[in-house]
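# Structural characterization, general
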Amino acid sequence: MEKEYPTKDITIIWKPDLCIHSGICVKTLPQVYNVERRPWIQPEHATTEELIRQIDMCPSGALSYRRNK
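One structure accompanies this document, and this report is about it. Please read all numbers here as calculations on a predicted model, not as lab measurements. (Residues numbered from 1 in each chain as written. Predicted model: local features only at pLDDT ≥ 70, side-chain atom pairs only at ≥ 80, totals over all residues. Heavy atoms only, no water.)

### Notes on the side chain of Thr 11
- Of note, Thr 11 is situated in strand S2 (residues 10-14).
- Taking relative accessible area as the criterion, Thr 11 reaches 5% and is therefore assigned buried.
- In terms of polar contacts, Thr 11 uses its side chain to reach the side chain of Asn 68, at 2.8 Å.
- Not counting residues up to four positions away in its chain, the partners in contact with Thr 11 are Glu 4, Tyr 5, Pro 6, Ser 64, Tyr 65, Arg 66 and Asn 68. (Helix = DSSP H or I, 4+ residues; strand = E, 2+ residues; numbered from the N terminus. Buried < 20%, exposed > 50% of the residue type's maximum accessible area, 1.4 Å probe, protein only. Polar contact = N/O pair within 3.5 Å; in protein donor to acceptor, adjacent residues only side chain to side chain. Contact = heavy atoms within 4.5 Å.)

Structural data, given as structure tokens:
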């Protein structure tokens, strides 16, 4: 089951079944991705460009995004 985290410009899509727990998201943007918090993804703590750059590094494809209209 995927979960969505919208911002003004993009919606982050997380597919937990695909996640291999590489930790790239947490290491790259710890202010956004924090497994100790709920929700664990808080995209308001980074720019759209930072989020896209980090999501593009996800090796499993568990994180993706779509641009909002």
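### As for the side chain of Gln 42
- Along the polypeptide, Gln 42 turns up in the loop between helix H1 (24-28) and helix H2 (48-55).
- Side-chain polar atoms of Gln 42 contact the side chain of Arg 37, separated by 3.5 Å.
- Leave out the neighbours within four places in its chain, and Gln 42 touches Gln 31, Val 32 and Arg 37.

### What about the packing of aromatic side chains?
- Inspection of every chain in the model, using the stated rule, returns two aromatic pairs.
- Measuring from centroid to centroid gives 5.0 Å for Trp 14 and Trp 40, while their planes differ by 70°, and the two rings are edge-to-face. A residue pair is termed long-range when its members are at least 10 positions apart, and Trp 14 in strand S2 and Trp 40 in the loop between H1 and H2 qualify at 26 residues.
- For the pair Tyr 33 and Trp 40, a centre-to-centre distance of 5.6 Å together with 50° between the ring planes defines the contact as tilted.
- Relative accessible area serves as the criterion here: at 1%, Tyr 33 is assigned to the buried category.
- Among the aromatic side chains, those forming a connected cluster through ring pairs are Trp 14, Tyr 33 and Trp 40. (Phe/Tyr/Trp six-rings, centres within 6.5 Å; stacked < 30°, edge-to-face > 60°.)

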